[in-house]
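Okay, here's what each chain looks like letter by letter:
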Amino acid sequence: MAVNILTQTTCYHCGNDCDKDHYVLDGKDFCCTGCKGVYKVLSNSGLCNYYSYNEHPGATRTHVEKRFEYLDDPSIIADLVDFTDENITILTLYIPYIHCSSCIWLLEQLNRFNPAIYYSRIDFLKKQVNLRFNNREISLRQVVELLVDIGYEPLINLQDVIKKQQTGTGDNLVKKIAVAGFCFGNVMLLSFPEYLGLSEYEQTFRHFFGWLNVLFSLPVVFYSGREYFQSAYTNLRNKILNIDFPLALGIAVLFLRTLIEVLTHAGAGFADTLCGLVFFLLVGKFVQRKTYYHISFERDYRSFFPVAVQIVENGIEKPLPLSALKVGQRIRIRSNEIIPADAILLNGEARIDFSFVTGESAPVTKVWGEVVYAGGRQMGEAIELEVIKPVSQSYLTQLWNNEAFSRSQENRMQTFNQKVSKYFSIVLLVIALGSLVFWLPVDVYRAFSAFTAVLIVACPCALALSTPFTMSAALSIFDRNFFYLKNTAVVEQLDRINTIVLDKTGTITIGGENGVSNNAQLSSYDEQLIYSICSNSAHPLSVQICDYLKGAEKLRVSNYREIAGKGITAWVDGHNVQIGSQSFLTGGVDIAKSTEVHLMINGRYAGYFSFVNKYREGLEDIARLAADYKIYLLSGDQDRERKNLLPYFKGEGYMLFNQSPQQKLDFIKALQLAGKKVMMIGDGLNDSGALKQSDLGIAITDNVNNFSPGSDAILDGRSLRFLPAFLKFSKDSITIIHISFFISLCYNLLGLSYAVSGRLSPLIAAILMPLSTATIISFTSIATHLAAKKRKLS
């Protein structure tokens, strides 16, 4: 039942503000029928504990429509499920709405809604639910509709069918860490008697413990540390000296020297140092791989396309897998759906939003017989089209598959580790060989002892750890500020760029929300009239006017008529109301340079609303970066806002409009040929080529779970204002790495003073290695967080 109230309330389900007309059930307020419906489902199933874990845990369900007929198609089911037989089906679904403990609790209670669902488990980081159900009693479509009913609509797109989702590297890193950690702990335990000193009659235990240490070292070297040998060998074959070479050399020398000392009863060996080294290196690698599993940095157009499309045959509508769509078939596209193939408009009023493909924000009107290209989103009523090109040959697909757009640019910038490791390896070998040559004429045993000791002590464990731990700490700071980097190397890329290129629509403007300027003299009753007529239209400008007049009371509307591209006429509460273009209302010519909606009430001209793009907060701060960076605007949009944007850029030469995707890519390439390190920030498919070509591509989005083109990083639109701070913080992080490298060098020099003399004891090695590691980890963590605090990013 809808009620009118005077005080503002929030929705019991999603927490959004309720309008004057809202819904009440069981004494609780709901903003829409969707939220009320979800509550009703939960209440009927005795699952209202959902609300006890978090306040307002649900997502708003205002615009949800069920259209999952395509999930009855066996060919689509076969592509989506993980496993199926005559009784059981197992599948994994991606649900972007999972965000709190209430979500986990509810989604793991699905069997209480329907006992045919045997099992449901949540992977919170990946926002996925794994389901096992009896396919004789409940269909896949019914399972998905159940999820929709309780407010958790899964996101099913063409990429799910292609099965090209992000997967792990498959190198069992966690198992390797576990093995190395287990062996490290045991070796340390067995080494304590050696540290504390053994009496004469306990020498038998020394040999026994020594052999046990050798046994514990075997899995550490040949399983956990194998990757370092493989990497060093591969790079040597390619004549590259990376940091894995001295690490592999150190591991090999540690193991061989331990084996020889234990075999010849010459000493206890360095098994403790060996196991500790491999364990900490692997932990560093694990930290370096930190990433965001629920965010895809490699999305392509298939994430944008639906799995199936509705076709019309003999007047009957039915779903068809997108892969089976053929030229000549008639498809029906409803409001807010994507057009999946190039087609001709046959029926309906088409208002197509191509902003994602071209960057142009204003919806385009298409008339009967016109070609509509794939990738556009229909904003009005349902339309029917005839396919003229297969999906694989559409403009959108060809754009994405352009060779220049898909070119891989791995390792576009050398990291600090890559630069240093080359020289470090050479210096290390020179010192080790120098020690060998120096002592060889005097004492052969001491010469080889000094040679191996140098390789052990100078093994760049601390150097290998300083970068991942600093970058990991930096990544967590960026993460807290809604800036998600693909990997730790991106921080170094961020430090080196000197040119910033910004897209306009959706990047520096707020997507879907334009600034409305009221140039009309309206009484509160007039506002009710305008609000009532606009609330019946799905046109974006009508929606924005409704948002502007939010709170006005809705009146009765009759004789409603909407003319595409012109305006609306209707009788509202007994008054004739017209809104639309100036030519539609007055019969004159449209001369306005900005977007305007004019108003007429009972034949009286009442003024107009004008619309200008609203720029994101902090654009002024980005403009101030012009002292240190070249800043360009690169837009596919028309130049209507050139004057408005001029204050943010150095001059008109820094603003380029009407740029095609290929022109954007070529512009980035030209800057790079001029020696610039370019960071491109964009949001649409039309930016994908430029993002790929740039030295650092950042996709900006208002929802990280929505589609965004492939990139090195994803920036939440709310955090664009922090861009200057992000750039400064990345430089701070590199400085911290340099300082930590200096600290690790000091430890190496201290160890080398023992090593070159050939008198390095296992105890000194066992102390130096973890001490240097602990120092580096502590320093990088504390310094990074202090730097973040200085940049006001904590």
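Residues numbered from 1 in each chain as written. Predicted model: local features only at pLDDT ≥ 70, side-chain atom pairs only at ≥ 80, totals over all residues. Heavy atoms only, no water.

## A few points about the sheet that holds strand S14 (residues 371–372)
Hydrogen bonds between backbone groups are what pair the strands of a sheet, and the pairing can be parallel or antiparallel. Here we have 6 strands laid out as an open sheet, ordered S9-S8-S10-S16-S11-S14, and antiparallel in their pairing. Of all the strands in the sheet, the pair left with one neighbour each is strand S9 (316–321) and S14. The pairing of strand S8 (residues 308–313) with strand S10 (residues 330–333) spans 2 bridges and is antiparallel. Note on S10: the bridge partner recorded for Gln310 is Arg332. (Pairing = 2+ DSSP bridges. Helix = DSSP H or I, 4+ residues; strand = E, 2+ residues; numbered from the N terminus.)

## A few points about the nonpolar core
Ranked by size, the top nonpolar core spans 64 residues in total, and within it Ile500 and Met679 carry the most contacts. With 9 residues, the single largest contributor to this core is helix H26 (residues 723–755). Contacts of Ile500, omitting those with residues within four sequence positions, involve Leu625, Tyr629, Lys630, Ile631, Tyr632, Met679, Ile681 and Leu727. If you look at the next biggest cluster of nonpolar residues, it comprises 47 residues, including Cys31, Ile122, Leu131 and Leu146. (Core = buried A, V, L, I, M, F, W, Y, C linked by side-chain atoms within 4.5 Å. Buried < 20%, exposed > 50% of the residue type's maximum accessible area, 1.4 Å probe, protein only. Contact = heavy atoms within 4.5 Å.)

## Some points on the pattern of salt bridges
Counting across every chain of the model gives 16 salt bridges. Across the pair Lys731 and Asp495 runs a salt bridge whose closest N-O atoms are separated by 3.4 Å. With a gap of 236 residues between them, Lys731 in helix H26 and Asp495 in helix H18 (residues 489–496) connect regions that are remote in the sequence. In this structure, the salt-bridge partner of Lys664 is Asp687, at a minimum N-O distance of 2.5 Å. You can see Lys664 sitting in helix H24 (residues 661–673) and its partner Asp687 sitting in the loop between strand S27 (678–682) and helix H25 (688–693), a full 23 residues away along the chain. No difference in accessibility class separates Lys664 from Asp687, as the two residues are buried. (Salt bridge = Lys/Arg side-chain N within 4 Å of Asp/Glu carboxyl O.)

## Things to note about helix H11 (residues 244–263)
Taking 1.5 Å of rise per residue, the 20 residues of H11 would be expected to cover 28 Å, and the 28 Å separating its terminal C-alpha atoms lies within 8% of that figure. Counting buried positions along H11 gives 14 out of 20 residues, so the element sits mostly inside the fold. A positive phi of about 60 degrees marks His265, the residue just after H11. (Expected span 1.5 Å × (residues − 1).)

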